[in-house]
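Residue strings, one per chain:
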Amino acid sequence: MFGAVALAATGLGVADAVSPFIRPRLAAAHAPNLARASRLPLGRTTVITANDGSVIGTFRPERLHVPLPPDRLPKVVTIAVTAAEDASFFHHPGVNLAGLARSLRTDVGSGSVQQGGSSITQQLVKNLVTGHQQTIKRKVIEARIALALEHRYSKREILAAYLNTTYFGEGASGIGAAALTYFGKEANDLTLSEAAMLAAIIPAPSRYNPRVDPATAERRRRLVLGRVQELHLASHAAVRAALAEAPSLRPPESTTSRYPYFVDYVRRYLLDDVGLSPEQVFAGGLRIETTLEPRVQDAAVAAIRRHLPKATDPQAAMAVVRPISGDVVALVGGRDWNRSHVNMALGDKGGGVGRQPGSSFKPFVLATALQQGASLHMPVAAPESYTPAGAKKPVHNYSHKGYGTVTLARAVAQSINTSFVMLAERVGPNRVAATARSLGIDLPRWTGASIAIGAYETSPLAMAGGFAAFANDGRFIPPSPVRRVIAPDGSVLVDYRADPRQAISPATARLVTSALQGVIAGGTGTAAQLAGGRPAAGKTGTTDDYSNAWFVGYTPQLAAATWVGFGEGNIPMRGIEGVAQMTGGTIPAIIWREVMNAALRDRPVVPFRPAPDRAASASAAAGAPSPTPIAPVTDPPAPSPPPTAAPAPAPAPAPAPAKGRHKHGR
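Report on the accompanying structure. Computed from a prediction, not measured in an experiment: that's the story for all the values here. (Residues numbered from 1 in each chain as written. Predicted model: local features only at pLDDT ≥ 70, side-chain atom pairs only at ≥ 80, totals over all residues. Heavy atoms only, no water.)

Here we look at the sheet that holds strand S14 (residues 537-542)
Backbone-to-backbone hydrogen bonds pair the strands of a sheet. The strands run either parallel or antiparallel. Spelled out, the test is: Should DSSP find at least two bridges between two strands, the strands are taken to pair. Counting from the N terminus, the helices are the DSSP runs of H or I reaching at least four residues and the strands are the DSSP runs of E reaching at least two. Simply put, an axis is a line fit to the C-alpha atoms, just over the touching stretch for a helix, and the angle between two N-to-C directions goes from 0 to 180 degrees.
Read across the sheet, 5 strands follow the order S5-S4-S16-S15-S14 without closing on themselves; strand pairing throughout is antiparallel. Every other strand in the sheet has two partners, leaving strand S5 (328-332) and S14 as the edge strands with one partner each. Taken pair by pair, the neighbouring strands of this sheet meet at an average axis angle of 5 degrees, ignoring direction. Bridge count for strand S4 (residues 315-321) against S5 is 4 bridges, and the pairing is antiparallel. The partner of Ala319 across the bridge, within S5, is Leu331.

Put into structure tokens, the structure is as follows:
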């Protein structure tokens, strides 16, 4: 049934040919014992605590390891994994020498590791010895140890050790644990279709998890099977049958965590951002001290459930960040973790996709203009519709009305789309993107004027972190859910220290705050007004057809972003819980207000730092590199390249917005 796979090959003959390149002492000292490595102990439970010391969850090692001996490797797994990860595995000496040389040439030229293409043997060395630090020195050591391993072990032993130590997501290290976790069966009972799906997970277990992103997982499964057919590792009939067989996933286990979305965020952060190994996280007996504040988290969960109580209601996600430290004090990624393990507060880093922020993105345009010398009193045109240069469809105001000429401050408060699209063209869309990136927002390399009305996807966590910098005098601190990670022996593995970066000038940040206070005081965000007259600044956002609704705002002590939308995609939200049309100024603003009131109860009322004198607000760019004063936007700007006084990427055709015609601005 299956094509020839050289399971008995050892590769020793090829390895012997390159043995002069191996340092014998290095091989003896660092080549791991594969039999021992494939039978890792189950380890100890990791405990996760809130900032008050209370336990909010655990990472348990029960499913961490189910080792398979070399003589029991399933044939379908061998076929799928070698096709996906290392087609020449049974023929090379441990490294693909041509690929390694090509990779090193590229890396040396760039000064860092850019190329992938590691062999299975090299990946095993990463798992067991060198870790995943991307350095040229590590790559050279990895290659030497890989060659040494091929001298000591057969290909079958190396492949078994690799499959037994590779992380497949959801706490499952090794193919045996992965088969039980995803399909509820032993590895030897896997079909070729199921094996292909597991092989497809290996490069990015969080991103390619079939439970959180079924479409991407299915696409990758089919790619693996196509590779199997291309390499003639299975018959055409076997591949056709596997393509037709959609794997049936085992339902995810119910979580016992008090705060599953936050705990999921901690897991992803430690594995993907900090770089701890799965063995450390799931079986290291660690104590993870997080930034979570239970009172704020409870308030966020309660507010979402109160205003979106029905199973048919849209989803909601929220992130709350402390501006002065970057601490993420609350994070909710949806209304029911056990229905879906997608963490929508994290966007595409949470297993799903980001969502368009609509007009809640306008403060980044405003900050860019202020950095270039604009004034909040600057007149700007506000026609009913406007077609950006190169666009096929016009942008409309939410009200479908024109406003003549208004001040920039009023354009912010009333969220006038046409004014901001014209302003983005004037200051340069790529400069707006650069500002947003400096405040933690991931964006495509090239952007168009539609960036002004939130045409590019992001996440509640990213938006909360970006707005937190406005409250922190323009200093951006990457949000973090972890303060310390302590090993069983008391040593500190992770000690997060805030590292502020001055992303925009303090004057610019204070002027943005002044404008966004107008949004809440008398603009589109009045539903977000806080109790006791506490000062707050914020921005509403609504995308086309009411498919995504946002409120992002802050006080001097806390910043928070709330998103409401359907998890299945951009579906219009009409007639939801008594709201005729879901905009950012409705349920998202109300949720934000209730959470902030609860979080700040019994906390002192702190005023915002005063903004520069309005008449002198053109000085907002003080301290910014080469500010370029911009002319008042009183008419549509003529198509021309961005000013050359402020360095910026050369103009390029902008990609089309991801979805929709953005006419709504609230």
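The discussion continues.
A closer look at the sheet that holds strand S12 (residues 492-495)
With mixed pairing, 5 strands are arranged side by side in an open sheet as S2-S1-S3-S11-S12. The sheet is open, and its two borders are formed by strand S2 (55-59) and S12, each paired with just one other strand. Strand after strand, the sheet turns through a mean of 15 degrees between neighbouring axes, direction not considered. Note that strand S1 (residues 46-49) and strand S3 (residues 287-290) share 3 bridges and pair parallel.

Some details on the pattern of salt bridges
Defined as follows: Any carboxyl oxygen of Asp or Glu that lies within 4 Å of a side-chain nitrogen of Lys or Arg is treated as forming a salt bridge with it. Type-normalised accessible area, obtained with a 1.4 Å probe on protein chains alone, sets the label of each residue: buried when under 20%, exposed when over 50%, and partly exposed for intermediate values.
If you walk through the whole model with that rule in mind, you get 18 salt bridges. One salt bridge in this structure joins Glu218 and Arg222, with 3.4 Å as the shortest N-O distance. Taken as a pair, Glu218 and Arg222 lie in helix H11 (residues 214-230) at a separation of 4 residues, close to a single helical turn. Judged by its relative accessible area of 40%, Arg222 is partly exposed. Residues Arg227 and Glu230 are paired through a salt bridge, measuring 2.9 Å at the closest nitrogen-oxygen approach. Highlighted residues: Arg227 and Glu230, both in helix H11, separated by 3 residues, approximately one helical turn. Among the residues examined, Arg227 registers a relative accessible area of 29% and is labelled partly exposed. Taken together, the salt bridges that share partners define one network made up of Glu218, Arg221 and Arg222.

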